[in-house]
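# Structure assessment
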Amino acid sequence: MIFDLEPCHFGAKCNDMYDRQHAQKYSHPSLCKQQCLKGMCDQTNDLVHSSSFIHRNPCKYGAQCKDIDNEKHSQEYEHPSWCPNGGHCQDTSEEHEKSYRHLPTCKHFQKCLDYKRHDKNHCGKFRHYTPSCIYGSYCVNFHDQQHIEDYKHPFPYPCPFTPYHCETYEKFIMSKDPRQLKDEINQHCLNYSHVCAFGRNCTDKDPLHWEKYIHVPRCLCPYGNQCTKLVQEEHLNSFTHPKIRDIRFL
Ligand SMILES: [Zn+2]
Ligand SMILES: [Zn+2]
Ligand SMILES: [Zn+2]
Ligand SMILES: [Zn+2]
Ligand SMILES: [Zn+2]
Ligand SMILES: [Zn+2]
Ligand SMILES: [Zn+2]
Ligand SMILES: [Zn+2]
């Protein structure tokens, strides 16, 4: 039937090709194979190619588009393909979420019993991942084991003795060149996270430091340098002061 139709004058550039009435009267080129298969075409600058095949514009909402399952909308706009990691995908970075489609998130996340039982039907419908803690590096719930198990944090498992009672960390932080210390000490400080002694005032730019330390955003003492309680340990342990570490080993 389609061969009887008169080719549309506007070809691949036609604005009305998804209009049912128009499409019944005129024929239009087919979709670019490369764009359909790979999600992008590298010949769009080639005039002959771009007028011989239809290139859909990418939908500006990408994978998060609400109309992604709407047939008419998805015919008109290009949308990202499904994530190759399927329902197991743990990557919740903004970049990744935009570039790939994912199944809807199961409200029980990885605590879901059906997920633990590998229920095929359920796992084919929902995505299971460990959600990220919204406080990230600044999370104060680091001694709440349930919280640490339920949420993803940028730092490794917190040392049970941090902030005040870890002797290994104390040796590490007091040393002029911690890398020269015994391997066990370095191992401990890389395997477990500790509370950074500078907290809110931390000026460390080393990404490794931010990967291994918890930064507790304590309240700033309203009196700052003028504070009259700078000799009171208890006060120093509750408020942050300029040029004084949050955590001091005596
Ligand atoms: Zn047309
Ligand atoms: Zn193409
Ligand atoms: Zn869309
Ligand atoms: Zn993914
Ligand atoms: Zn589930
Ligand atoms: Zn947290
Ligand atoms: Zn420790
Ligand atoms: Zn720090």
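Residue indices begin from 1 for each chain and proceed along its sequence in written order. Here every chain gets a letter starting at A, and every ligand a number starting at 1, in the order they are written. Thresholds applied to this predicted model are a pLDDT of at least 70 for local features of residues and 80 or more for the giving and counting of side-chain atom pairs; totals over whole chains, interfaces and linings are not thresholded and use all residues. Heavy atoms throughout the structure, all of them, feed into the side-chain values; hydrogens and water do not.

### Details of the nonpolar core
We count it as follows: Working definition of a nonpolar core: buried Ala, Val, Leu, Ile, Met, Phe, Trp, Tyr and Cys residues. They are joined through side-chain atoms within 4.5 Å. Burial here depends on accessible area, computed with a 1.4 Å probe over protein chains only, as a share of the maximum for the residue type. Under 20% is buried, over 50% is exposed, and the range in between is partly exposed. Going along the chain from the N terminus, every DSSP run of H or I of four or more residues is numbered as a helix, and every run of E of two or more is numbered as a strand.
Among the nonpolar cores identified, the biggest contains 19 residues, and Tyr169, Val195 and Ile214 are the most heavily contacted of them. Residue assignment for this core shows that the elements contributing at least two residues are helix H9 (167-174), helix H10 (183-191) and strand E6 (213-214).

### Some points on the coordination of the zinc ion (ligand 2)
To keep it simple, the criterion reads: Each metal site lists N, O and S donors within 2.8 Å (3.2 Å for Na, K and Ca). With water left out of the atoms, a site can look as if it is missing ligands. In these descriptions, tetrahedral denotes four donors with every angle between 85 and 135 degrees, square planar four donors and octahedral six donors with opposite donors over 155 degrees apart and the rest between 65 and 115, and irregular any other case.
Taken together, Cys32 (SG), Cys41 (SG), His49 (NE2) and His55 (NE2) make up the full set of protein donors to the zinc ion (ligand 2), lying 2.0 to 2.3 Å away. Around the zinc ion (ligand 2), the four donor atoms sit at angles spanning 97 to 119°, and that spread fits a shape best called tetrahedral.

### Some details on the coordination of the zinc ion (ligand 5)
In the first shell of the zinc ion (ligand 5), the protein supplies Cys106 (SG), Cys112 (SG), His122 (NE2) and His128 (NE2), at 2.0 to 2.2 Å from the metal. Sequence spacing among the residues donating to the zinc ion (ligand 5) works out to C-x5-C-x9-H-x5-H. With cysteine 112 in the loop between helix H5 (94-99) and helix H6 (113-116) and histidine 128 in the loop between helix H7 (120-123) and helix H8 (145-150), this pair connects stretches of sequence that are 16 residues apart. The pair formed by cysteine 112 and histidine 128 is uniform in burial state, with each residue classed as buried.

### Side note on the pattern of salt bridges
A pair can form between side chains of opposite charge whenever their charged atoms are brought close. Basically, it comes down to this: A pair is scored as a salt bridge if a Lys or Arg side-chain nitrogen falls within 4 Å of a carboxyl oxygen belonging to Asp or Glu.
Under the criterion given, the structure shown has eight salt bridges. A salt bridge links arginine 101 to aspartate 69; its shortest N-O distance comes to 3.1 Å. Here arginine 101, found in the loop between H5 and H6, pairs with aspartate 69, found in the loop between strand E3 (57-58) and helix H4 (71-76); they are 32 residues apart in sequence, far enough to count as distant. A salt bridge links arginine 218 to aspartate 246; the shortest N-O distance between them is 3.0 Å.

Read these as layout, nothing more, since geometry by itself doesn't imply function.
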